[in-house]
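As a plain string of letters, each chain reads:
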Amino acid sequence: MITAKQLRQQYLDFFRSNGHAIIRSASLIPDNDPTVLFTTAGMHPLVPYLLGAKHPQGTRLADVQKCVRTGDIDDVGDATHCTFFEMLGNWSLGDYFKKESIDFSYRFLTEVLGIDPARIAVSVFAGDEDAPRDEFSADCWASHGIARDRIFYLPKKNNWWGPAGITGPCGPDTEIFIIRDVPACSETCSPACDCGKYVEIWNNVFMEYDKQADGSFLPLAQKNVDTGMGLERTVAMLNGFESVYETDVFRPVMELLDQKAADVPDRLKGMRVIADHIRTATFMLGDEKGVTPSNVDQGYILRRLIRRALRFARTLELDPAVLTECARIYIDLYKEPYPELGENSARILDELEKEITRFSATLQQGLKEFDKLLKYIQNNRMSGKAAFKLYDTYGFPIEMTLELARDNGITVDEAGYEACFKEHQQKSQAGAEQKFKGGLADHTEQTARLHTATHLLLASLKKVLGDEGIQQKGSNITAERLRFDFNFPRALTPDELKAVEAAVNEAIAAGVEIVCEEMPIEQARAQGATGVFDSKYQDVVKVYTMGGFSKEICGGPHAANTAELGKFKIVKEQSSSSGVRRIKGVIEG
Ligand code: SER
């Protein structure tokens, strides 16, 4: 039996011994990226470096990144889909390319993990008008003894990765599959089929293109390798498990649920949904940027997950307190590799309990209301007004109403629901979902300037509010505005807002040069730089200094001089979630 801990260790050791620097997992909340709500892949925090910026740790990197993908939420409950997962990744930033990448993967799988090469199948890019057929990768695999009939040529739909959004780094990939000891669904079954014969465990992307807004592919300045291996899936495959829920990261929670859940139809699915959603919620609540349940953006996704878990708990006749029990188990299981969960355990349990209390009160009544509505429904269609009532009065996220409707064979007038929602002037979660599905931030000069303004804003908040404890809780930048979240217990007064704005404009008027230096993290700390001081992996960091105004650890990019910013204006200050304030600001001129 191999555990998640052993696989993480073996992976990092292998790549370290092959010249890779080990970097720490980034937060689940991306920095300065308006188009995605969560970090969805190991490459996500590395986009500036894939585009050519120099990484302080060098050109060979490896890590274990916490990731959230909620696009497949309806598939959770099957053997392999999870909303949270850990991605083992290794990168070449303009260093090695296809041959070495395939060599590393083959050696790690067969020599370190001891997988029988006969159980490995691979796919390579079949070629089209954008890029040639990848015979080179096929030959590399064949040179290791992978039989030609286990090397599959697949089209862009299967064997191309990225860009994560609309534009950016992307390229053909080669994917690695474990062939399971189950009958194939047909003679033509291949890794493109999801019958379960082939389970993908690793994806090596050869990022050599930069997709443009017009759809064309230009060569990237440097050829990169971006790989990602799903930790839970790989542990399941190595142990011959049928599902990820049998692995050590889930087993204690599944055992608890198994003891307590009633014997009802679809029991296993319900247990898996709870195990998955509470794990994801634990990581979101415990993240270094700590999300709390709310009606917008990340907070809304978190709320949906907790509420959905509660609904399944009710079906399984579980006391809602079992969900907090599950979170406690996860904190214990994960606090070694992810110390933030241990450090934030009180917040995780407290916020979870609060959300459970909030929703438990209305869940039962809401379900009764739903049943009542069913009786009066015409043409098997629920009106938008009824769906909105379930949301507004009983706290049912629309996705939950849609799911319940589907289970009962009816549809919902979603447009009608949206109209009611807008009427009540609340921000639509559809926006949040769209963002989630979207891509990565652009790195234009305007966004760089707004990013610089964000540093000045944080420094000014600290100066005006005189609170040593003020920290960045989130940052989101579009070409038009910045949005900045920070911890503070109350609304800012008009005078405070004016003073903050003035302090930022003072730094702009001073026209100071922005200096970027690489230095050991200890030195950055000694110089009083703002940032996350976790020296577990990362010993060299980039520090951006803006005269005497601001000094922050950051990946960049930034303006060259504060004078480039024009005039800074705060357009809004509001609550973001409990104990967190949000400022929206623009630069003009
Ligand atoms: N970015 C690729 C993926 O997510 C490889 O890491 O699959």
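Residues numbered from 1 in each chain as written. Predicted model: local features only at pLDDT ≥ 70, side-chain atom pairs only at ≥ 80, totals over all residues. Heavy atoms only, no water.

## Observations regarding the UniProt feature "binding site: Zn(2+)" (unreviewed entry) in the chain
Here, the residues flagged by UniProt with the feature "binding site: Zn(2+)" (unreviewed entry) are His451, His455, Cys554 and His558. The annotated residues occupy 108 residues of the chain but converge on a single region, no pair of C-alpha atoms lying more than 10.2 Å apart. Take His455: it is sitting in helix 17 (residues 445-465). Setting aside residues up to four positions removed in sequence, His455 forms contacts with Tyr544, Met546, Ser550, Glu552, Cys554 and His558. Residue placement: Cys554 occurs in the loop between strand 16 (550-553) and strand 17 (567-577). Cys554 sits in the buried class, given a relative accessible area of 14%. (UniProt positions renumbered as here; feature names shortened; annotations may be inferred. Helix = DSSP H or I, 4+ residues; strand = E, 2+ residues; numbered from the N terminus. Contact = heavy atoms within 4.5 Å. Buried < 20%, exposed > 50% of the residue type's maximum accessible area, 1.4 Å probe, protein only.)

## Some details on helix 18 (residues 494-509)
The terminal C-alpha atoms of helix 18, which comprises 16 residues, lie 22 Å apart, in line with the 22 Å expected from a rise of 1.5 Å per residue. Among the structural elements, helix 17, strand 17 and strand 18 (580-588) are those in contact with the buried residues of helix 18. One or two positions beyond helix 18, positive phi appears at Gly511, with a value near 55 degrees. (Expected span 1.5 Å × (residues − 1).)

## Considering unusual backbone geometry
Of note, the amide linkage connecting Gly162 to Pro163 takes the cis form, showing an omega dihedral of 0 degrees. Along the chain, Pro163 turns up in the loop between strand 6 (160-161) and strand 7 (168-179). The phi torsion at Asp266 lies on the positive side, around 60 degrees, for a residue other than glycine. With respect to the helices, strands and loops of the structure, Asp266 is situated in the loop between helix 7 (251-260) and helix 8 (267-286).

## Digging into the sheet that holds strand 14 (residues 514-520)
Here we have three strands laid out as an open sheet, ordered 14-15-16, and antiparallel in their pairing. Either end of the sheet is taken by a strand with one partner, and the two such strands are strand 14 and strand 16. Across this sheet, the average inter-strand angle for adjacent strands is 25 degrees, counted without regard to direction. Across the sheet, helix 17 lies against strand 14, strand 15 (540-546) and strand 16, angled at about 115 degrees from strand 16, the strand it touches most. (Pairing = 2+ DSSP bridges. Axes fitted to C-alpha atoms, helices over the stretch in contact; angles between N-to-C directions.)

## Focus on the side chain of Glu369
Within the secondary structure, Glu369 sits in helix 12 (residues 345-376). Residue classification places Glu369 among the buried residues on the basis of a relative accessible area of 10%.

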